[in-house]
Amino acid sequence: MRRDVFQAIADPTRREIIGLISRQSLNVNSVAGKFDVSRTAIYKHLKILTECGLVIINQQGRERICEARLDKLNEVSDWVEKYRKVWTEKLDNLDAYLIELQHKNKKHGKHK
Amino acid sequence: MANTNEFMNEVTSRFVNITHTFDAPRELVFNAWTDVKQLERWYAPRGCTINFTQFNFREGGAFHSCIKSPHYHDCWCKGIYQEIIAPERIIFSMHIADEKGNLLQPKDAGMDEEWPAETIVTVTFKEYEGKTILTLRQTVAESIAKRTGAYPSWINMFDRLAEDLHIHKTSLTSI
């Protein structure tokens, strides 16, 4: 099954998990301990998060440490930035157009 | 954790949120969105041109446009005017399309397949001391937002940072 960043963040518990471990890497049990839902459910969420590339789990001795990989989220913000840029350019154009229009109206004595 | 979750769940489901102040009366700013001849003058990003093969400015009416760029392939877009309240608000959908007006999925249009095929744009016009404050929001269409859950809330999070900077910038340059 194909996984992507949007699936990862579609679930509120998964967003909490990312929020939690983005501040500090934690072992799997500590992550599970922070939530009221069953450990099995948290393991499943962690599995999806790793499949989506937002979390990596490192074996350190007897512990499995969860670490957040937030680079993927940049993809989302990059798109937003692209769209924002296009709109900003359009509105700048509109600015220029309106100035020209009002200038013309003034000349013809039609200014409201 | 409650705060983080609340914060993330504060879904305003928007991608883009821009405010721009125009030194022009509201009717003039509004009318620039309602007529092909005017739109063709400004409604294309820098260095590009736009033309409309269909333009029906009424609620439920459709438009079909093509943006031509010297560096990129033609971008066809199709949309429906969902709400028009002159001179206060315009809401329309934008869907990636082809030349014939067929709706395309992003990957068929050479875009990233995770990009939503349809977005909704809301433009509002407010009078303020003889000027017009325009706000533009672009969101994921509801069906997509539902399917992907709170993905817009993440976008919102990033957006918020950039937005603060942007508002400062526009208010400085446009007043």
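You'll find the structure just up there.
To start, this report covers the structure provided alongside it. (Residues numbered from 1 in each chain as written. Chains lettered and ligands numbered in written order. Predicted model: local features only at pLDDT ≥ 70, side-chain atom pairs only at ≥ 80, totals over all residues.)

Observations concerning helix 4 (residues 39–51) of chain A
Residues spaced three or four apart along an α-helix face the same direction, because each turn holds 3.6 residues. All names here are of chain A. To keep things clear, this is the line we draw: Helix and strand labels come from DSSP, where a helix needs a run of H or I of at least four residues and a strand needs a run of E of at least two; each type is numbered from the N terminus. Multiply 1.5 Å by the residue count of a helix minus one, and that product is the helix's expected span. Burial is judged by counting other C-beta atoms within 10 Å of a residue's own C-beta: 20 or more means buried, 12 or fewer means exposed, and anything between counts as partly exposed, with every C-beta placed from the backbone. To be clear, the arc concerns the directions from the helix axis to the C-beta atoms.
Its 13 residues place the ends of helix 4 18 Å apart at the C-alpha level, agreeing with the 18 Å of an ideal helix rising 1.5 Å per residue. Burial in helix 4 covers these residues: Ile-42, His-45, Leu-46 and Leu-49. Axial view of helix 4: buried residues confined to an arc of 100°, hence all on one face. Where helix 4 terminates, the next one or two residues include Gly-53, which has phi positive at roughly 85°.

A closer look at the nonpolar core
Formally: Note on terminology: a nonpolar core is any set of buried Ala, Val, Leu, Ile, Met, Phe, Trp, Tyr and Cys residues joined through C-beta atoms within 7 Å. Note that contacts rest on C-beta atoms placed from the backbone: two residues are in contact if these are within 7 Å.
The biggest cluster of nonpolar side chains holds 22 residues, and the ones touching the most others in it are Leu98(A), Val29(B), Ala32(B), Trp33(B), Leu134(B) and Leu136(B). Broken down by secondary-structure element, the contributors of at least two residues to this core are helix 5 (71–107) of chain A together with strand 1 (16–22), helix 2 (26–31), helix 3 (36–42), strand 5 (89–97), strand 6 (118–128) and strand 7 (131–140) of chain B. At four residues, the largest contribution of residues to this core is made by helix 5 of chain A. Discounting chain neighbours no more than four positions away, the residues touching Leu98(A) are Phe22(B), Ala24(B), Leu28(B), Val29(B) and Ala32(B). In terms of nonpolar packing, the next biggest core, distinct from the first, is built from 13 residues, Ala8(A), Ile18(A), Leu26(A) and Leu46(A) among them.

Some details on the environment of Leu70(A)
All names here are of chain A. Take Leu-70: it is sitting in the loop between strand 3 (63–68) and helix 5. Owing to 10 C-beta atoms within 10 Å, Leu-70 belongs among the exposed residues under this scheme. Sequence spacing of Leu-70 and Gly-53 is 17 residues, and the spatial spacing of their C-alpha atoms is 8.7 Å.

Examining the sheet that holds strand 2 (residues 55–60) of chain A
One key point about sheets: their strands pair by backbone hydrogen bonds, in either a parallel or an antiparallel sense. Residues and elements named next belong to chain A. Just so we agree on the cut-off: Any two strands with at least two DSSP-identified bridges between them are counted as paired.
Spatial strand order, 1-3-2: three strands in an open sheet with antiparallel pairing. Of all strands in the sheet, those with a lone pairing partner are strand 1 (26–27) and strand 2, marking the two edges. When strand 1 meets strand 3, the two strands line up antiparallel, connected through two bridges. Residue pairing for strand 3: Leu-26 is matched across the bridge by Cys-66.

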